[in-house]
Amino acid sequence: MSELFGPLRAAGPVAAETGDAAWLTALLDVEAALAGALADAGVIAPEHAEAIAAACKPELYDAAEIGAAATAVGNPAASVVRALTARVADPAAAGVVHLGATSQDIMDTAAMVIAARSIDALLVDLAACTELLARLTEQHAATPAVGRSLLQQALPITFGLTTAGWLSALGAASDRVTQVRVALPAVQFGGAVGTLASLGADGPATSAAFARRLNLVEPELPWHTDRTRITETAGALGTLAAAVAKIGRDLTLLSQTEIGEVSEHAPGHGGSSTMPHKRNPIAAVCAVAAAAQAPGLVATLLAAAPDLQRGAGAWHAEWQPFTELLRSTGSAVSWLRTSLSRLRIHPARMRRNLAATGGALLAERVSTALIPQLGRLTAHEVVGECVARADGRLTFADALQGHPRLAGLLDRAEIDALVEPSTYLGSTQFFLGRALAEHAGRQRPGAGNRSSLDTGPPPPACDGHAEPVAVVRDGVRAGPRTTGPVDLRSESSGDGSGEAVLLVNALGSDLSIWDDYVRPLVDNGFRVIRCDTRGHGDSPVPLGPYSLADLGRDLEAVLDRHGVESAHVIGISLGAMTGLWLARHRPQRVGRLVACCTSARPGNPQLWRARAARARAEGMAAIATASVERWFTSEFAAAHPTFVAGKRLLTADTPAEGYAACCDALADIDLLDELPAITAPTLVLSTAQDPAFTPDDGKAIADRIPGARFRIIDNAAHLGTVEQPGSFLAAIADHLQEFS
């Protein structure tokens, strides 16, 4: 194996199972097993078998010498037999080394041993890949993304549908490789022409014992010229390599600067020799490169057709491509596992790409909606004209609204609903549920997965991953719901040795609402951690509904990821409720608590469920306008129109399912009875003009938490931390420093 290219082309555990040392070990293991089988069948004395086995230790031989000697006889098995015979001290035992076998018997059986060991190692990496893909599928089940056809934007999908496709293909390939591993690796034992004539009547018993000792299949008859065991194994490996190559290729495409929807992150990896700005998806690239070796190797193996009872050169031609195919496929799977473990998903970039056509991505939907009034051809023509007019200065929705043929047919609200990507996903969630259910079935013992092979330790589980749970809405199975913590996007600022402060956002916002707080807190010696709530900002969007406990466990996972045992938690609105949950249920994780503009019982559940239903049905445009009116006082909005418009876009850009699923959580929140158990020093801050959660809501919290303090801040509405950062910062700083 090349020392220069080996680390790239022979990555992962399969490499160790396919090198010269592995082959030498397999050849000697086969000879030892043959001797034991001959003893089992009563052909040779047990002590002779033991003497042969004692000499079958690979450290006693030099692979280079074995290989050099092989040139005289045409294969390494013969030179192994000679070296082994010379090593066995007892002349009687030495005389029965390799009894009944021919060189091809040993080479083919060793190839099967190599294949079995390599596939066992490969399946561990493969199981880890499918687990990582299943977790991505759950977490991004509702993350909006672009579906592309012929590399062009076609229709909206979710990123979870993309990963579900990868999972399904990789799972099917895994099934086939597992079937091959169970059914195909067989001993080869036929002697010179497949009759075992030299063993007389003891041939069948020896063959059966030979298979038992190596834990391989006993074939119906010797397969010297029936190479289907090789070719079927090659086909399964080639199919797996193709599945890996597809995923790796997709990852490289999605990592392009112009797309930027995923990226690999690992310290010291992905750099360029001349362009320091680049972050290359090196592991995905290496997976594609390794997988690209497979088609040629498979073709070579398919072409190695033997002649008569023993091929002249055909089986000799298999050794290297078969070994290389195992190695390259194992390397491809290993690199894919590395890529997936390094992968970062960028939902915000996905949404920007989704909006790149100005709504024209939904042209098919609009055409379909207009067919009853205009007919198919006219609807297609009119919509095509509107797409042509949507040139960046004019959105597709504006073009539809201004087209004379559509006057009186569609009002602006109907147009906005039609061009909302999140409401045109068809059977996406049904398909996701199927893919995850199939994956879960593979993980059960006896379901045909690697657990039935008992070949080594199980693959590492992803923390928090559990079997998907079906969600039912209005009697319809809607898809999978993740049951573990979500990998939230998070940022850490300041000295890692400082006391940690965790900032938690309001519904319909992201971590940017804390921009004014980071530097002052860092300057006061704190380490500031902030994150996007699940379904918000640049965090994954799993399918809802969510619960407050889900959101709280997500925060725990953020602290774990940043190596923080305990943090001071500052939250606003829903973020503050999550902080209250954390302080109640995970008191060791919360130092001091600040709850801003919040409530322990946030209103009428029917109101929240109605808002969730509206978001899912219509998207976020109308909801964003209503939200921003609650967020800021009219005076502030009039004085800062551009700023307020930007915050409206923040809510409008929130994924509809993420917002709706958090509304589902709000509908079920009632913390009043839990508040007396909170022990963290707590400050509750309300604003005088908050139309959502009044000062009475804040005081109700403070009255129930032992020792909690309460303060009202004037001249601010619901998003008071943003409208009056100076006043809030001063109160927060006093609270944190008083208990330091």
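Look a little higher up for the structure.
Since this is a predicted model, take the numbers as computed values, not measurements.

> Outline the packing of aromatic side chains, listing residues and values.
Applying the stated criterion to the full structure yields 8 aromatic pairs. Between W514 and Y517, the aromatic rings sit 5.1 Å apart at their centres with planes inclined by 80°, giving edge-to-face as the arrangement. As far as burial versus exposure is concerned, W514 and Y517 are alike and both buried. An angle of 70° between the planes, with centres 6.1 Å apart, marks the rings of F632 and F643 as edge-to-face.

> Please give an account of the packing of helix 7 (residues 103-139) against helix 19 (residues 428-443) that cites residues and values.
Contact geometry of helix 7 with helix 19 gives a least axis separation of 11 Å together with a crossing angle of 150°. Handedness of the crossing formed by helix 7 with helix 19: left-handed. Mapping the contact onto sequence places T130, E131, A134, T137 and E138 in helix 7 and L432, L436, H439 and Q443 in helix 19. Here the residues of the contact of helix 7 with helix 19 are counted per class, giving 3 nonpolar, 4 polar and 2 charged.

> Give a detailed account of the environment of L650, specifying residues and quantitative values.
Its place among the elements puts L650 in helix 26 (residues 641-652). For the pair L650 and G100, spaced 550 residues apart in sequence, the C-alpha separation works out to 78 Å. Residue contacts for L650: discarding those within four places in its chain leaves G508, S509, D510, S512 and I513.

> Can you break down helix 24 (residues 621-631) residue by residue, with the values?
Within helix 24, burial applies to I623, A624, S627, V628 and W631. Down the axis of helix 24, the buried side of the element spans an arc of 130°, and every buried residue falls inside it. Tucked inside the fold, the buried residues of helix 24 contact helix 23 (605-618), helix 26, helix 27 (656-667) and helix 29 (720-723).

> Run through the side chain of T18, naming residues and quoting values.
Tracing the backbone shows T18 in the loop between helix 1 (6-9) and helix 2 (20-40). The exposure class of T18 is buried, given its relative accessible area of 1%. Engagement of the side chain of T18 in a polar contact is seen with the backbone oxygen of A15, the distance being 3.2 Å. Setting aside its immediate chain neighbours within four residues, T18 contacts W23, I114, S118, T323, L326 and R327.

> Help me get a handle on the pattern of salt bridges, residues and values and all.
Counting across every chain of the model gives 37 salt bridges. The residue R412 makes a salt bridge to D398 at a minimum N-O spacing of 2.8 Å. Within this pair, whereas R412 is found in helix 18 (residues 412-418), its partner D398 is found in helix 17 (residues 396-402), the two being separated by 14 residues in sequence. Assessed through its relative accessible area of 28%, D398 is described here as partly exposed. Here R586 ties to E556 by a salt bridge, and the two come within 2.9 Å at their closest N and O atoms. With a gap of 30 residues between them, R586 in the loop between helix 22 (574-585) and strand 11 (590-596) and E556 in helix 21 (residues 548-561) connect regions that are remote in the sequence. Note on E556: relative accessible area 13%, which makes it buried. Each of R489, E491, D515, R530 and D532 takes part in one network of salt bridges that share partners.

Parameters and conventions
- All residue numbers refer to positions counted from 1 along the written sequence of the respective chain.
- Local features in a predicted model are, by the rule used here, given only for residues with pLDDT of at least 70; side-chain atom pairs are given and counted only at 80 or more, and totals for whole chains, interfaces and linings are based on all residues.
- Based on all heavy atoms of the structure, the side-chain values leave hydrogens and waters out of the count.
- Note on aromatic pairs: the rings of Phe, Tyr and Trp (six-membered ring only in Trp) are paired at centre separations within 6.5 Å, and the planes decide the class, stacked below 30 degrees, edge-to-face beyond 60, tilted for the rest.
- To sort residues, take the accessible area from a 1.4 Å probe on protein chains only and compare it with the maximum for the residue type: under 20% means buried, over 50% means exposed, and anything in between is partly exposed.
- With axes taken as lines fitted to C-alpha atoms, and helix axes fitted only over the stretch in contact, angles between N-to-C directions fall between 0 and 180 degrees.
- Only runs of H or I of at least four residues qualify as helices and only runs of E of at least two qualify as strands under DSSP, and these elements are numbered from the N terminus.
- The hand of a helix crossing depends on one turn: near helix anticlockwise from the far one by less than a right angle means left-handed, and clockwise means right-handed.
- Contacts between residues were defined by any pair of non-hydrogen atoms, one from each residue, lying within 4.5 Å.
- Polar here means any residue outside two lists: the nonpolar Ala, Val, Leu, Ile, Met, Phe, Trp, Tyr, Cys and Pro, and the charged Asp, Glu, Lys and Arg; Gly therefore counts as polar.
- Directions drawn from the helix axis to the C-beta atoms are what define this arc.
- Pairs of N or O atoms within 3.5 Å make up the polar contacts considered here, provided that, within protein, one atom can donate a hydrogen while the other can accept it, and that residues adjacent in sequence are counted only when both atoms are side-chain atoms.
- The term salt bridge refers to a side-chain nitrogen of Lys or Arg lying within 4 Å of a carboxyl oxygen of Asp or Glu.

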